[in-house]
Amino acid sequence: QARLVESGGGLVQAGGSLRLSCAVSRVTFSMYGMGWFRQAPGKEREFVAAIDWNGASTNYVNSVKGRFTISRDNAKNTVYVQMNAQKVEDTAVYYCARYKTPNTPAGATMTGNVASWGQGTQVAVSS
């Protein structure tokens, strides 16, 4: 049973930056693609970013392209998302996700392809 623990959430002003971390254990981290999803109040959980097993390929939702960067450190069993130029619309609970496979193609946007979820960390962006 995989364990995913997010950290780094908090309050930030619009235009500011925040970096989230997700520490993964009880699985072989380097065997799986990883991702970030988010869920705002009253909305469905949406895909944010994904990265394959070795970081060779990444995917982003259009609304965060150029502002967010997903990365991973397989030596530390940790995946990150650096969030720059934050907007009020970025306010949400952010969830770390482990995919079922090493690679994360177009199916990365589908929650059905997620094997494990973290508990979530709150990000609030003020105007």
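The structure under discussion appears in the preceding block.
Here the structure is a predicted model, which is why all the values come from computation and not from measurement. (Residues numbered from 1 in each chain as written. Predicted model: local features only at pLDDT ≥ 70, side-chain atom pairs only at ≥ 80, totals over all residues. Heavy atoms only, no water.)

Novice: Where do I start with the state of the cysteines in this structure?
Specialist: Covalent bonding between the sulfur atoms of two cysteines is what defines a disulfide. Scanning all chains against the criterion turns up 1 disulfide. Shown here is the disulfide that connects Cys 22 with Cys 96, its sulfur atoms set 2.1 Å apart. Residues Cys 22 and Cys 96 are joined through a disulfide that is left-handed, its torsion about the S-S bond being -90 degrees. In this pair, Cys 22 sits in strand β3 (residues 18-25) while Cys 96 sits in strand β9 (residues 92-99), placing the two residues 74 residues apart along the sequence. (Disulfide = S-S within 2.5 Å. Helix = DSSP H or I, 4+ residues; strand = E, 2+ residues; numbered from the N terminus.)

Novice: Would you mind going over the pattern of salt bridges with me for this structure?
Specialist: Once their charged atoms are close, side chains differing in charge can pair, the charge on each being opposite to the other. One pass over the structure, following the stated rule, counts 3 salt bridges. Here Arg 38 ties to Glu 46 by a salt bridge, and the two come within 2.7 Å at their closest N and O atoms. Arg 38 gets classed as buried once you look at its relative accessible area, which sits at 5%. Judged by relative accessible area, Glu 46 falls into the partly exposed class, the value being 33%. It is possible to trace a salt-bridge network through shared partners that takes in Arg 38, Glu 46, Arg 67 and Asp 90. (Salt bridge = Lys/Arg side-chain N within 4 Å of Asp/Glu carboxyl O. Buried < 20%, exposed > 50% of the residue type's maximum accessible area, 1.4 Å probe, protein only.)

Novice: Please explain the pairing of β3 as it appears in this structure.
Specialist: It is a general feature of regular strands that their side chains alternate between the two faces of the sheet. Taken together, the 5 bridges between strand β1 (residues 3-7) and β3 define a ladder with antiparallel strand orientation. Its bridge partner lying in β3, Val 5 is registered against Ala 23. Direction of pairing for β3 relative to strand β8 (residues 78-83): antiparallel, over a ladder of 6 bridges. Each bridged residue has a counterpart across the sheet, and for Cys 22 the counterpart in β8 is Val 79. (Pairing = 2+ DSSP bridges.)

Novice: For this particular structure, what's the right way to read the nonpolar core?
Specialist: Nonpolar side chains in soluble globular proteins tend to be buried together. Counting residues in each nonpolar core, the largest one holds 25 residues, and the members touching the most others are Met 34, Trp 36, Val 79, Met 83 and Tyr 94. For this core, the secondary structure elements donating two or more residues are β3, β4 (34-39), β5 (46-51), β7 (68-73), β8, β9 and β11 (121-126). With 4 residues, the single largest contributor to this core is β3. Excluding residues that lie within four positions of it along the chain, Val 79 makes contacts with Leu 20, Ser 21, Cys 22, Phe 29, Met 34, Trp 36, Ile 51, Ile 70, Ser 71, Arg 72 and Cys 96. Listed in part, the 7 residues of the second largest apolar core include Phe 47, Ala 97, Ala 108 and Val 114. (Core = buried A, V, L, I, M, F, W, Y, C linked by side-chain atoms within 4.5 Å. Contact = heavy atoms within 4.5 Å.)

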